[in-house]
Structure formats: C-alpha cells, structure tokens
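For reference, the chains in residue letters:
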2 protein chains.
Amino acid sequence: MSSEQTPETAGKSLFSLQRRERLMEELRAHGAITVRDIAAKLGVSELTIRRDVNTLADEGLVSRVHGGATLPSPLDRSVSVGRPSAHSYSIGMVVPSLDYYWPQVISGARGEAEVQNLRILVRGSAYDAADNRRQVQALLDTQNIDGLIVAPDMSGDHGKELLRWLNALPIPVVMAERRAPLEIPSHRLEWVATDHSFGAGMAVRHLWQEGHRMIGCLTDSTSPTSPHVVRGWKQALAALKIPLEKSIHEDSAKLDNGDRAKHFDHVLELCRSTGTTAMLVHSDTQAVAFVQHCVDRGVDVPGSMAIVGYDDEVAYLAEPAISAVRPPKNYVGKVAVQLMAARLAEGRMRPVHRIDLNPELIVRDSSLGAPRGVADVLLEDSL
Amino acid sequence: MSSEQTPETAGKSLFSLQRRERLMEELRAHGAITVRDIAAKLGVSELTIRRDVNTLADEGLVSRVHGGATLPSPLDRSVSVGRPSAHSYSIGMVVPSLDYYWPQVISGARGEAEVQNLRILVRGSAYDAADNRRQVQALLDTQNIDGLIVAPDMSGDHGKELLRWLNALPIPVVMAERRAPLEIPSHRLEWVATDHSFGAGMAVRHLWQEGHRMIGCLTDSTSPTSPHVVRGWKQALAALKIPLEKSIHEDSAKLDNGDRAKHFDHVLELCRSTGTTAMLVHSDTQAVAFVQHCVDRGVDVPGSMAIVGYDDEVAYLAEPAISAVRPPKNYVGKVAVQLMAARLAEGRMRPVHRIDLNPELIVRDSSLGAPRGVADVLLEDSL
DNA sequence: TCTCATTTGTTCGAGTTTGAACGTTTCAGA
DNA sequence: TCTGAAACGTTCAAACTCGAACAAATGAGA
C-alpha cells in the first residue's frame, strides 16, 4: 500500500483546517501518524504538517512525539488542562484488520466516542474465530470494558461457537459489518452492517441504465463481503430479466501476477463470447488491475468494457477513474458506537437494534456512456 | 474546472441571500470552497464573497479559513459554543389506524419529538394505498412539513406505485413497520420495523424448550404483519426439524362468532389428530378468544394446549394469562423520529438507515410447563 | 424625479500561509 | 558514552489573502 506516492491532491489543495481535520481522521483511524507519511499523503511539506501538529497539540487534541503525533495520551504531561469529565464507559473494539477497510470504521467510531464521551480500545485481530476470541478475552481480562464492538469471523463451526459465546457475554455486544445467521441463538446481539447486496444491485442497475444488457461479476471469494455482493448481483440480474446462467461469474481469489493476467484474459474472452459489455468487480484494487489489463490489451474502457468497482479505496486513481460502490465505513463505526452508547444508557428495556446502511454509488468515467459495438458482439454471440 | 469563465449571471445578478444559498450549496457539495473560485463562478468580486463568508461564519454556518470556507468544523474554536439548534422542523406522520397498535407507536414518536424539538402532525388513514397518498398529499399541501413518517399500504400495484411516489418526494421519508421490497426503486426510503419473523421464531423456540414437539400457527391474513409471522414460524420449524407439512397452519380471517367457534373446533380437532400441543396465535385478541374456546371445551391450557399470542395488547386479560410476543411499538415511533431528526440535521451525506427492532417474549401462564399426555400424543402420532 | 440606505467594486497596505535553507536537538544503535 | 541520521525549529522570502477606506451602482420610498 505504499503506492500512495501520488498525492491525492492532484489538482486541489486543502485548507489548513481541512488538513488538520484530515490529520485527526488519520489519527483516529490508526492511533498514530508520522509527519513524513502525512506530508506525502497530503502533498505538502513536512514543515507544514509539523506546524499543524503543533497547533493541534496546543489545543490538546494530539500528543506530540518525535516523528509524528498520537492520540492524546494520559502520559503526555502537557495536556493536563482540558479534561472536563472522565470517560463514562470503556468500549472494546476488535476488528479483523488495521490496514484495510477498518481504519475508516475505527475513525468513525472514535469520532462518535468523543461526542458520547466514551473511551475506545481498539485491537486488531486475524480473520479467524479463535484469534477473535483471544483478543476479546484479553480486553475483558485486562481492560475492564463495559461494552464490545466486534467484527467476528463467522465461518465454520468455530464461527458459530464464537457467536454463541459472544451472545452469552455479560456485557452488551454490537457487531460491525456482520449479521448473525438465523439458526444461531443470538437474540442479544445487535449489529450495524452495510447492505452490500443492495450496493451490488445499485451498480448493476446503473450499468443497465447506461445501456448494458449483459453484466458480469468478478469476485474475490476470500473476502467475507463477497457472498453478499454476489447475491445482490444475482438478484438484480433476476429483476432485470438478464439470464443468470449466461452471465459471467468469475472468481480470482489467490491469483498473483502472471496467473492473474491469464485469468483476466480468460475473463475478457468470456465477455467477448457472451456479449458481456460490463463487469462488476469486487474489491476496487482488483478493479484497478482489471482496468489496467483492459487498457493494456487495447480494450476500450468504458467504450467496450464498462467497469464498476466494489469498494472505493483506490478506484479514483485508475485511468480512467473507476466508478465504485462506496460503503459508508465511517458510519458503520459511528452507528456502532451510537448503538452501544444507547444500550449502556437504556439497559435491557431497549429492544435489540439491527441496522442496515446503504452504500453509495460514485459514478466516474469507467462506466459512463452506452456500450460500443453491441452489434459486433451480438454477431459473435450468435456463432 | 476553471472553465466556468462565463459567469452564470449572464442575465440577472443574484441577491445576496441567493448568493449565500448558492455558496452553502457548493459547500455541502464539496466540503470546502475558495473565495476565488466562487467569485469567478458567481461573477462577483472576491470581496463580496468574503463578506458573505463572514456573515455565514457569524451565524456558525461555515468555518472561515484563509482563502475560503469549509463546513463547520469541530476544530474551529470560534464556533464551538453556539449550538442553539434553533431550527425546529415539522414532521408529518400518517398511520393506518388510530385505535389499534399505532397509538403506542405515535406515543413513542411524540416523546422523542419533544426531546428533539420537533413538531409532529399525525393523521390516521385507511389500510389502503389511495387513501395513504391522499393523506400525505394533504399534509404536504397544507402543513408545510419537512419530513414524513408513514406506514403505507404496500399491497398490489397501487402499493408499488405509492412506494415509488414516496421515494421521489422532495422531503425525507421514514417508513414505520414497513420494508420496501427489493424490486422497487426505493433507494432513498429509510425505515424502522419490528422483526416479526424473529418474534415468531422466538415464540416457537420457547415452546420447543417447554417440551412441545408439534407447534401450529393460527393467523389472520388480513393483517400486514401476518406473512412475517408465518415466515418466522416456518423458519423456526425448519431449524428445529419439525416437519412443516404435518404442522397446522390455519387462517381465521373474516370469521365471526358462530363461524369462528366452528373453525376453532376444527383447529382443535386437527391438533388432536396431529399431536400438536402448542399454537402460536396471531393477534392476541384472537389468542384470547382461542383460549376462551379451549377452556369452554374443557381443553386444559397450558396442560393440553399451550398458547403464545402474537402481539401484547390484551393478552394479560385472559384466564389463564397468555404468553405473548410484544413488538416494541414505542420504540418503532421513537426510532423513526430519531432517524428523521438525524436525516434533517445531516442531510444527504448520511447513508440510508434501515433498522430492525426485535420484539420481546412475555412469558405468562398459557405456555408454561411441559405438555401433558405426550405419551398419548406420540402414540397417536405414530399411527 | 430625487434622496437615502444598502450593496457591491477597486485599491492598497497589512497579515497569513507555505516552503527552502540551515543550524540545533533527539533518537537509536554501536 | 559516542555518533550519524533523522527530526525539529528558526529565519526569511515569496505568494497569496484579507479588510479598511472610499467610490460606484442599485433599489425603495417620498
């Protein structure tokens, strides 16, 4: 992920206030930042970032450290002043990754926690039930937490066992980006999750409106969101009366470099033979690679192949910029904390809340305009 | 994007108010603006824009920064204090009944509206799409409402048309106790609804735990909640491996007095012949009648026939008192208003929320204790 | 039509923000 | 403890923004 060399400010620069806000966001997401990284990311000199850090430190919003800044720490003597009230509750938060997807969720959670005057303790875990449980147990044992926000691994028997265990914990539990399946007793578990299925459907309907009549799907089955995306894609196809059995559905999990290129060629060949003019590609990093591949092979995007990515981490970096479904990651964290705060305040009488959030479709160049050469394609199709 | 050389004021110049309005629009769209760009875009001098920015900043609507303005930021010290939240909105609320079920929803909504400083205008309607629309239109025309909470009739083509219409309204819409089906474009509709299916499942599992192995369902198909209850009942049966095809599912819609008694006798006969020892009865008023009927016929409740009612309006009045699933009606109203308040405060950037609330199972006498004569039943069952 | 109040534009000195250069401080490893 | 590399802060200059003062334009009401 060190490819962030291209400052995303290519064009517009931020005001100092926005820069500081951005800085706080990164801080909430990662807990600490280095001057160098942020300067590179925002495309300004390190000195500027240092000045920002100083400003924020003067207001007690960050703790200065050599090389960067961290969230205000009690060890930081200089902060002393602005601490009006002690934290009411401590909330543990266990997420499966601290690099991808989750930093923004954490950022949203931390932001809301500040508003609600809660303390949040974040722990990264693996995509693995046993480790999830270990991390939660560690928080319970050592940190005296009053509530738990967690995105557990739910696969297999271990996953089910973990859910049962979470459901029986003596403290309230809110799941983020997870839903308990019906068959598992989980009447106490609350959750907030993005409706990925809806998002995929939105992408398909957008492509349909642009004139595409065969819309494929390229997924990464290693991701827990993948099944939902596929479900949404299938439902949308059904609603639009696109024949599912003729539609491309390929998985490119675990492929690297050469293999991936070969697989992409295979996919392009399939598209040609089925008359598919548009693809929904899960994980926008893969979408970027796919677009790159299309361009390399002389396939015009979006003219001959329209693409919508699922997720919006790096989609804007591609050339052409990729349309993408953007899950409301910040809000997932924010709403999770809201749920927890309300639960802690209202107790048992409050009914169990389960919240779906809809993602947003960001339309960029890669999916705009009607498909070209539909006639040719149909010709080949009829062979 | 500096191509806006032609100021759009080609004909008329804007009044300052319009300009500020426009300025806020740009701000909401982009998060920040520069004095220079806006001045060029609106065809006025930079100083004018600066004065506008100052005015808006004094009202706390923007944060001033060197070179432009941003949306109000928590980092902006000058704003921090002043949050009078003066703005009070009016919300219309259209519900299908003012006698049954909905009074509690309205009460919850009113309570929360007070907290949020909102005004609520309630109108009763019929269980009928055309009338729903009439009532909503009346509110729009005469009351100048800023948001709408509604429980529309969704049956048939009229229902679908109504949903489409609601989705296209210029004001935010929150549905109560309704969910839009997938196939209808309703990306802007938010909702809060009781998970009746979960509630039915909870009742079935409770009866299973008490020892019942054949659990029937008596519904009232005229109610919009009925399908969800049936679905939950079926899902629970499947999870517990109770054969669905052998299980009793009767509907007693539109029956009165003598007919009802006859139908109840029929149901009891079916129970006897299938070995069913427990029934989930939709609408607790019907459950009361059914319990009464059992007692009249000398069928012991819960000894020979355990009963759980769905809904908890009058269940406690029966003799014996009836266990019942209680939907969180108050919270449906409360959460609907919370959704609306947040939507009005945060605008378009907030993702669409869709909330399920779980009902609660109130266990009373009518379902407690193991079934009697299980042996007999099993005997008959094996015939 | 005239007058007055309000709004908008121009000019220009004062103030801000940013980055480069360079000397000082801090940190980590020997 | 020493030392080199990295991080830091001071100073200065360039570019830019801001707002006061005054002038011009506009619109409402007499």
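Refer to the preceding data block for the structure.
Below, the structure is looked at part by part.

How each quantity is defined
Residues numbered from 1 in each chain as written. Chains lettered and ligands numbered in written order. Predicted model: local features only at pLDDT ≥ 70, side-chain atom pairs only at ≥ 80, totals over all residues. Heavy atoms only, no water. Helix = DSSP H or I, 4+ residues; strand = E, 2+ residues; numbered from the N terminus. Contact = heavy atoms within 4.5 Å. Areas by Shrake-Rupley, 256 points an atom, 1.4 Å probe, with all protein chains shown as cover. Near = heavy atom within 4 Å. Polar contact = N/O pair within 3.5 Å; in protein donor to acceptor, adjacent residues only side chain to side chain. Buried area = accessible area lost by both parts, 1.4 Å probe. Salt bridge = Lys/Arg side-chain N within 4 Å of Asp/Glu carboxyl O. Nonpolar A, V, L, I, M, F, W, Y, C, P; charged D, E, K, R; others polar.

A look at the overall build of chain A
Then comes step 1: Across its full length, chain A carries 12 helices and 15 strands.
Then comes step 2: Long-range pairs, those at least 24 residues apart, make up 69% of the contacts in chain A with a sequence separation of at least 6.
Then comes step 3: Total accessible area computed for chain A in this model is approximately 17,600 Å², and 51% of it derives from carbon and sulfur atoms.

Side note on the protein's contact with DNA strand D
Then comes step 1: Contacts to DNA strand D come from 20 residues, most closely from A:Arg64, A:Gly67, B:Arg36, B:Arg50 and B:Gly67.
Then comes step 2: Considering DNA strand D, the proportion of its atoms within 4 Å of the protein that are sugar or phosphate atoms stands at 84%.
Then comes step 3: Contact distances for DNA strand D include 3.3 Å between a phosphate oxygen and a backbone N or O atom of A:Val65.
Then comes step 4: Looking at the surface near DNA strand D, the elements with two or more residues in it are helix H2 (35-42), helix H3 (46-58) and strand E2 (63-65) of chain A together with helix H2 (35-42), helix H3 (46-58) and strand E2 (63-65) of chain B.

Some details on the interface of chain A and chain B
Then comes step 1: Between chain A and chain B, the contact holds 28 residues from the first and 35 residues from the second.
Then comes step 2: Of the roughly 2,700 Å² buried where chain A meets chain B, counting both sides, 62% is carbon and sulfur surface.
Then comes step 3: Per-residue buried area on chain A facing chain B is highest for A:Phe15, A:Leu17 and A:Arg354; these three make up 23% of the total on that side.
Then comes step 4: Joining chain A to chain B, the criterion identifies 2 salt bridges.
Then comes step 5: Of the charged contacts in the structure, one is a salt bridge between A:Glu346 and B:Lys334, with a shortest N-O distance of 4.0 Å.
Then comes step 6: On the surface where chain A and chain B come into contact, there are 7 residue pairs in polar contact (both at pLDDT 80 or more).
Then comes step 7: Elements represented by at least two residues in the side of chain A that touches chain B include exactly helix H1 (16-30), helix H11 (329-346) and strand E14 (353-357) of chain A.
Then comes step 8: Looking at the side of chain A that touches chain B residue by residue, the class counts come to 15 nonpolar, 5 polar and 8 charged.

Examining the protein's contact with DNA strand C
Then comes step 1: Lining the immediate environment of DNA strand C, one finds 15 residues, of which A:Arg19, A:Thr48, A:Arg51, B:Arg19 and B:Thr48 sit closest.
Then comes step 2: Here DNA strand C approaches the protein such that, of its atoms within 4 Å, sugar and phosphate make up 59%.
Then comes step 3: One nitrogen or oxygen atom from the side chain of A:Arg19 is found 2.7 Å from a phosphate oxygen belonging to DNA strand C.
Then comes step 4: With respect to DNA strand C, the side chain of B:Arg51 contributes an N or O atom lying 3.0 Å from a base nitrogen.

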